[in-house]
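Results of the structural survey
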Amino acid sequence: MMASLIRPPVSLAGAAASDLFGGGGGNGGGGGDISLRALGRARLGARGRRGGFAVAAKLRKVKKHEYPWPEDPDPNVKGGVLSHLSPFKPLREKPKPVTLEFEKPLMLFQKKIMDVRKMADETGLDFSDQIISLETKYQQALKDLYTHLTPIQRVNIARHPNRPTFLDHVFNITDKFVELHGDRAGYDDPAIVTGIGTIDGERYMFMGHQKGRNTKENIQRNFGMPTPHGYRKALRMMYYADHHGFPIITFIDTPGAFADLKSEELGQGEAIAHNLRTMFGLKVPIVSIVIGEGGSGGALAIGCANKLLMLENSVFYVASPEACAAILWKTAKASPKAAEKLKITATELCKLQICDGIIPEPLGGAHADPSWTSQQIKAAVVEAMNELKKMDTQELLKHRTVKFRKIGGFQEGIPVDPKRKVNMKIKEEPLLGMISEAELESEVEKLKQKIVNAKESSTEVSDSGLDELIEKLKKEVDHEYSEAIKAMGLDERMSTIREEFVKAKQQEQPLHPILMDKIDKLKKEFNQGLSGAPNYESLKSKLDMLNELSKVKSAERVASQKEELNRKLKEVLERPDLKEKVEALNAEIEESGATAPEDVDEGLMEKIVNLKKEIDMEMASVIESFGLHVEAIKPASIDTSSQTSVSEVSAKMGNLNKEINSKIEEVVNSSDLKNMMEMLKMEIVKAGKTPDLSSKNKIDALQQQIKQRLFEAMNSPELRKKHEELTAEISEVVESYGGSNGSSRYADTDDSSKHEESRVEVNVGGYGN
């Protein structure tokens, strides 16, 4: 009833309240008493005037609300009369079919089927074969389409207007359901629905996002986007379920939490965070089902469950494909690409171990057969709950924690794709000079101990740690050198010389002798004053550590090459064809009855020598494949004294080669010879491709001078004497071998000028029969 008081601009002084409402009290005139209830029954407006005051009353009849109990409940309604506690009722009109963009080719088949049926009805002819054929093609096309959906197509299906909602599924899978309202803080958010229901006699607490089935309902439900009141209502029901021991089932179907100003003022982030923290402490099993789209924290606020299940065409994402495309590619048109990269479908999330199971949908999506989809959900929920109910409280809590802790796992030691590495944040390295010597020494000792342990246990050691420490020490040493140059006041000269050097290299010209002289003078001055630099001790310590690690690295490399070389040589000796030849030759020697080398006849000895030559050549090719130069292939020794003499001669040859090389290096590094070589380069550059006679003479003269200097260096009396002694020893060893029995090939050592290049002596011998 609605009353309206109309007060004219007159004075009310002296008027009683009963007079104002027409209660004349014994006054028989003035039309008698008229009550407001009588006015309401008459549905008429009545005006009574007394003392200039008028009263008007009107009663608006409204439809009696059926909530919470209907006047005549239908006992045949599935779920019983308790289902009427929810205002969610079946739609009066069937929703209009909505065709998605990628489904339009299927509509052509449907249109053809309808046209053929219409023609059959109009003409009375039998077109059943054609209709069956078209329906078969339609079903096949539908199957092909829905078994090869792209991620963005699954997103569109998850957002389908006719897709069954949370309450649609709840009323299909529960025996009884009663909805519970309110957050006990003054509001009941319709975007989140909570309630208690039973499945096969077992009580569960249900809660989920509720979208609308038409525009009116979507506006009422805020398109399934909850406010903080909705999350606090869900939180209240979680505490309720935890207290009474009801397992919790949550249904996720939201684009995300409502992000308006009012929601932020009411603490949207705090409400979501509170739910996340609380769900990890609940002592009852929790199962979550994504039935549509699960957007960001709005979905996760009721999704921290022991088991996360997803319908086949549902999606679960941290940001919608459109939002992601707008951020990364500056246009929402790139959403198909974003949907693929985000890995948001049920299949991809199962591979990432975020989703624990996929619930199948009928062809055409859940809206094609909502009842069948609900039964699949029911079966999956019951199975998951039966598994979780076997766990005690501690196992349940640990299971939930472990599920989320393992999300986003990573592996170490796997090289990063260069294309991805470009976009990665550069690792911040410590400032040079800030690492103490004690820290570096500790790292070096740890690495050395690791290498020793690996050798003792016969396991391989990764070179990455050694290489990384060597690079770090190189940078530290370079930094110490730079600091020493600054302390000695040579930094400006160093910068000037560096600029001239870089300029000469860029122009691809040889270094001018004047520049070379400047470099030599700066080097000498730096070396003379280095011991007086304030950081000399630190530089020396780091340099010693670097040299030590470099030797370790070199030894590791040599050992690795040696192991590989031995393996290759062993493979050669174990080749079936060589083994067969050796065995045949051994059998032939046994048949001949020879017990000593002198007993072997010439034909058999020739076979032995030829086989040895073949084996020697095979091994030489293997050795050369490692970049080693085979100077001589020597025959197998017969006695120990010969082997000893050969090894001694080889060692002496190696020492002589080292002396010659060091002498050559000393001469080459001398400033005079460097200047001559730089002048030779400059003359060659000036002369070009067609030098004139004068240029040729200059070039030849410089070449002769350089050769003469090198020859004088190697033709010193000391080196010549050692060379002659070594030549005599080699001759004695060759004679002891018998000369013709082996396949020997020695380099001519009469001329010392042949030692201009270093060579590697390799002795391959000792092949026993």
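Note that the structure is predicted; figures quoted are calculated from it, not measured. (Residues numbered from 1 in each chain as written. Predicted model: local features only at pLDDT ≥ 70, side-chain atom pairs only at ≥ 80, totals over all residues. Heavy atoms only, no water.)

Description of a positive patch on the surface
- There is a patch of like positive charges on the surface, built from Lys337, Lys341, Lys343 and Lys351.
- Tracing the sequence through the fold places lysine 351 in helix H14 (residues 346-351). (Patch = residues over 30% accessible without salt bridge, like charges linked within 9 Å, V, L, I, M, F, W, Y side chains within 5 Å. Areas by Shrake-Rupley, 256 points an atom, 1.4 Å probe, with all protein chains shown as cover. Salt bridge = Lys/Arg side-chain N within 4 Å of Asp/Glu carboxyl O. Lys, Arg positive; Asp, Glu negative; His and termini not counted. Charge placed at Lys NZ, Arg CZ, Asp CG, Glu CD. Helix = DSSP H or I, 4+ residues; strand = E, 2+ residues; numbered from the N terminus.)

Some words on helix H16 (residues 393-405)
- Over its 13 residues, H16 extends 18 Å from the first C-alpha to the last, a length consistent with the 18 Å expected when each residue adds 1.5 Å.
- Listed as buried for H16 are Leu396, Leu397, Arg400 and Lys403. Across the axial projection of H16, the buried residues extend over an arc of 130 degrees, all falling on one side. Exposed side of H16, more than 90 degrees from the buried face: Gln394, Lys398 and Arg405 are the residues found there. (Expected span 1.5 Å × (residues − 1). Buried < 20%, exposed > 50% of the residue type's maximum accessible area, 1.4 Å probe, protein only. Arc of directions from axis to C-beta.)

Structural notes on the nonpolar core
- Counting residues in hydrophobic clusters, the biggest one holds 30 residues, and the most contacted among them are Met205, Met207, Met238, Ile248, Met310 and Phe316.
- Those elements that provide at least two residues to this core are strand E5 (192-199), strand E6 (202-209), helix H8 (228-244), strand E7 (248-254), helix H10 (268-279), strand E8 (286-295), strand E9 (307-311) and H14.
- For methionine 207, the contacting residues outside a window of four places in its chain are Phe166, Val193, Thr194, Ala234, Met237, Met238, Ile248, Ile249, Thr250 and Phe251. (Core = buried A, V, L, I, M, F, W, Y, C linked by side-chain atoms within 4.5 Å. Contact = heavy atoms within 4.5 Å.)

A short note on helix H21 (residues 513-529)
- With 17 residues, H21 extends 24 Å between its outermost C-alpha atoms, agreeing within 8% with the 24 Å of an ideal straight helix rising 1.5 Å per residue.
- Those residues of H21 not exposed but buried are Pro513, Leu515, Met516, Asp520, Leu522 and Phe526.

Brief notes about the pairing of E8
- The element E8 is largely enclosed, with a buried count of 10 among its 10 residues.
- As judged from the six bridges shared by E7 and E8, these two strands associate in the parallel manner. Paired with isoleucine 248 across the two strands is isoleucine 286, which belongs to E8.
- The pairing of E8 with E9 spans four bridges and is parallel. Within E9, the position partnered with valine 287 by the bridge is lysine 307.
- One ladder, built from three bridges, connects E8 with strand E10 (residues 315-317); its direction is parallel. Across the sheet, the residue bridging to glutamate 293 is valine 315, located in E10. (Pairing = 2+ DSSP bridges.)

Some words on the packing of aromatic side chains
- Summed over all chains, the structure comprises eight aromatic pairs.
- When the ring of phenylalanine 166 is compared with that of phenylalanine 251, the centres are 5.1 Å apart and the planes differ by 45 degrees; the resulting orientation is tilted. With a gap of 85 residues between them, phenylalanine 166 in helix H6 (residues 166-173) and phenylalanine 251 in strand E7 connect regions that are remote in the sequence. This pair shows no difference in class: phenylalanine 166 is buried, exactly as phenylalanine 251 is. (Phe/Tyr/Trp six-rings, centres within 6.5 Å; stacked < 30°, edge-to-face > 60°.)

Concerning unusual backbone geometry
- Phi at arginine 184 is positive, roughly 60 degrees, even though this residue is not glycine.
- With respect to the secondary-structure elements, arginine 184 resides in the loop between strand E4 (176-180) and E5.
- In this model, glutamine 353 sits at a positive phi of 60 degrees, which is unusual for a non-glycine residue.
- By the secondary structure assignment, glutamine 353 is in the loop between H14 and strand E11 (357-359).

Quick look at the pattern of salt bridges
- For the structure shown, the criterion picks out 30 salt bridges.
- The residue lysine 472 makes a salt bridge to glutamate 443 at a minimum N-O spacing of 3.2 Å. With lysine 472 in helix H19 (residues 463-487) and glutamate 443 in helix H18 (residues 437-456), this residue pair connects regions lying 29 residues apart in the sequence.
- A relative accessible area of 24% places lysine 472 in the partly exposed class.
- The residue arginine 575 makes a salt bridge to aspartate 577 at a minimum N-O spacing of 2.7 Å.
- Residue aspartate 577 is classed as partly exposed on the basis of its relative accessible area, which comes to 32%.
- Through salt bridges with shared partners, a single ionic network connects Arg159, Lys211, Asp253, Glu293 and Glu322.

What about the pairing of E7?
- Counting buried residues in E7 gives seven out of seven residues, a clear majority hidden from the surface.
- Neither face of E7 is open: one carries Ile248, Thr250, Ile252 and Thr254, the other Ile249, Phe251 and Asp253, and all of them are buried.

Comments concerning the confidence of the model for the protein
- A residue-level look at the protein finds 75% of positions with pLDDT of 70 or above and a mean pLDDT of 77.
- Segment residues 1-51: pLDDT under 50, and 42 contacts once partners within four positions in sequence are set aside and those in other chains are kept.
- Here residues 62-70 scores under 50 on pLDDT; set against residues more than four positions off or in separate chains, the count is 10 contacts. (pLDDT = per-residue confidence, 0-100.)

Details of the side chain of lysine 542
- The topology assignment puts lysine 542 in helix H22 (residues 536-573).
- For lysine 542, a relative accessible area of 1% puts it in the buried group.
- For lysine 542, the side chain forms a polar contact with the side chain of glutamate 480, separated by 2.9 Å.
- Sequence-distant contacts of lysine 542, that is, excluding residues within four places in its chain, are made with Ile435, Glu437, Leu440, Leu473, Glu476, Val477 and Glu480. (Polar contact = N/O pair within 3.5 Å; in protein donor to acceptor, adjacent residues only side chain to side chain.)

Here's the deal with the packing of helix H3 (residues 104-123) against helix H4 (residues 128-146)
- Viewed as axis vectors pointing N to C, H3 and H4 meet at an angle of 165 degrees, and their least axial separation amounts to 10 Å. It follows from the interaxial angle that H3 and H4 lie roughly antiparallel. The hand of the H3/H4 crossing is left-handed. Along its contact with H3, which presents Leu106, Phe109, Gln110, Lys112, Ile113, Val116 and Arg117, the element H4 presents Gln130, Ile131, Leu134, Glu135, Lys137, Tyr138, Ala141, Leu142 and Leu145.
- Residue composition of the contact of H3 with H4, by class: 10 nonpolar, two polar and four charged. (Axes fitted to C-alpha atoms, helices over the stretch in contact; angles between N-to-C directions. Parallel < 35°, antiparallel > 145°, perpendicular 65-115°, else oblique. Left-handed = near helix turned anticlockwise from the far one by under 90°. Nonpolar A, V, L, I, M, F, W, Y, C, P; charged D, E, K, R; others polar.)

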